[in-house]
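Residue strings, one per chain:
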Amino acid sequence: MAEEVILLDFWASPFGMRARIALREKCVDFDLREEELLSNKSPLLLETNPVHEKIPVLIHNGKAVCESLVIVQYIDETWARESPLLPSDPYERARAKFWADYVDKIFPVGRTAWLSTGDTQEAAKKEYIEGLKSLEGELGDKAYFGGERFGYVDVSLIPLSNSFYALEKLANCSVAEECPKLVKWAERCMQRESVAKSLPDQHKVYEFLLVLKKKLQPH
Ligand SMILES: N[C@@H](CCC(=O)N[C@@H](CSO)C(=O)NCC(=O)O)C(=O)O
């Protein structure tokens, strides 16, 4: 039986971007299916992720894998012949998973920074930048988080760079000024085809978040 790989996704989702990048790093052919998240989730999404009803969902020969970081590790272990994403050393793996988990913890703060206003926005901006500065400290002068190779933490974080432009426009916050090394790292990652093909245009993401912000504003 031919291998079947389906990815239930949403173009602007940083979590979906992670799965796209990992599949492309592994040169896996996949069927990308766009979900209408805001209006009409597909029966396949509801069936394959009944607990969270969220994308991304990877369906590999009929088996569903949910949660972006779980999906990335599944991809890394299933198609192990190509460019490893997670380190083989147990301690380095633990560190990589710690920092990927940290990215998940700061993402909602960034979302608040884009979508809120006033004091709430100011507090979120400050906390988000502090989080990005912690990540920049972990990166240090390395090319990538794992050293010389693009890997698991890079995959988990690079989707957030796709909304740095939106952060500047919606929250008047320049990541380039606050975290110059992180912006250089993001530019380096964008040189990779797996990343460039998986991240949408940042202006399109800004437009999307602007519409979302207006929808969320109290009338
Ligand atoms: N922890 C999960 C988060 C996925 C998620 O929030 N997916 C969103 C789209 S991106 O904002 C989603 O599917 N939202 C639909 C909903 O909330 O109903 C992961 O890492 O995969």
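This text goes with the structure placed above it.
The structure presented is a predicted model; accordingly, all values stated were derived computationally and were not measured.

Explain the overall build of the protein to me, and be specific about the residues and the numbers.
Scanning the protein from terminus to terminus reveals eleven helices and four strands. At 17 Å, the protein has a C-alpha radius of gyration in line with the 17 Å of a compact globule built from 219 residues. Overall, the protein is about 55 × 45 × 25 Å in size when its C-alpha atoms are taken along their principal axes. Every one of the 219 residues in the protein was classed for burial, and the buried ones make up 49%. For the protein, the exposed area adds up to about 11,100 Å²; of that, 52% sits on carbon and sulfur atoms. Mean positive and mean negative side-chain charge positions of the protein (29 and 35 charges, respectively) differ by 1 Å.

Report on the state of the cysteines, specifying residues and quantitative values.
Enumeration over the complete set of coordinates arrives at zero disulfides. Of all cysteine sulfurs in the structure, the one in cysteine 189 sits closest to cysteine 27, which takes part in no disulfide; the separation is 17 Å. In this structure cysteine 27 comes out as exposed when scored by relative accessible area, which is 53%. Between cysteine 189, a free cysteine, and cysteine 179, which holds the nearest cysteine sulfur, the sulfur-to-sulfur gap is 15 Å.

Could you give me a rundown of the site of the ligand, with the residues and numbers involved?
In the region of the ligand, the neighbouring residues are Ser13, Phe15, Leu37, Lys41, Lys54, Ile55, Pro56, Glu67 and Ser68. Within the side chain of lysine 54, a nitrogen or oxygen atom sits 3.2 Å from an oxygen atom of the ligand. A breakdown of the residues in the shell around the ligand according to their chemical character gives four nonpolar, two polar and three charged.

Help me get a handle on the nonpolar core, residues and values and all.
Counting residues in hydrophobic clusters, the biggest one holds 62 residues, and the most contacted among them are Leu132 and Trp185. With ten residues, the single largest contributor to this core is helix 4 (residues 90-115). In this structure, Leu8, Phe10, Ala12 and Leu45 belong to the second largest nonpolar core, which totals eight residues.

Parameters and conventions
- Residues numbered from 1 in each chain as written.
- Predicted model: local features only at pLDDT ≥ 70, side-chain atom pairs only at ≥ 80, totals over all residues.
- Heavy atoms only, no water.
- Helix = DSSP H or I, 4+ residues; strand = E, 2+ residues; numbered from the N terminus.
- Rg over C-alpha atoms; globule rule 2.2 N^0.38 Å.
- Buried < 20%, exposed > 50% of the residue type's maximum accessible area, 1.4 Å probe, protein only.
- Areas by Shrake-Rupley, 256 points an atom, 1.4 Å probe, with all protein chains shown as cover.
- Lys, Arg positive; Asp, Glu negative; His and termini not counted.
- Charge placed at Lys NZ, Arg CZ, Asp CG, Glu CD.
- Disulfide = S-S within 2.5 Å.
- Near = heavy atom within 4 Å.
- Polar contact = N/O pair within 3.5 Å; in protein donor to acceptor, adjacent residues only side chain to side chain.
- Nonpolar A, V, L, I, M, F, W, Y, C, P; charged D, E, K, R; others polar.
- Core = buried A, V, L, I, M, F, W, Y, C linked by side-chain atoms within 4.5 Å.

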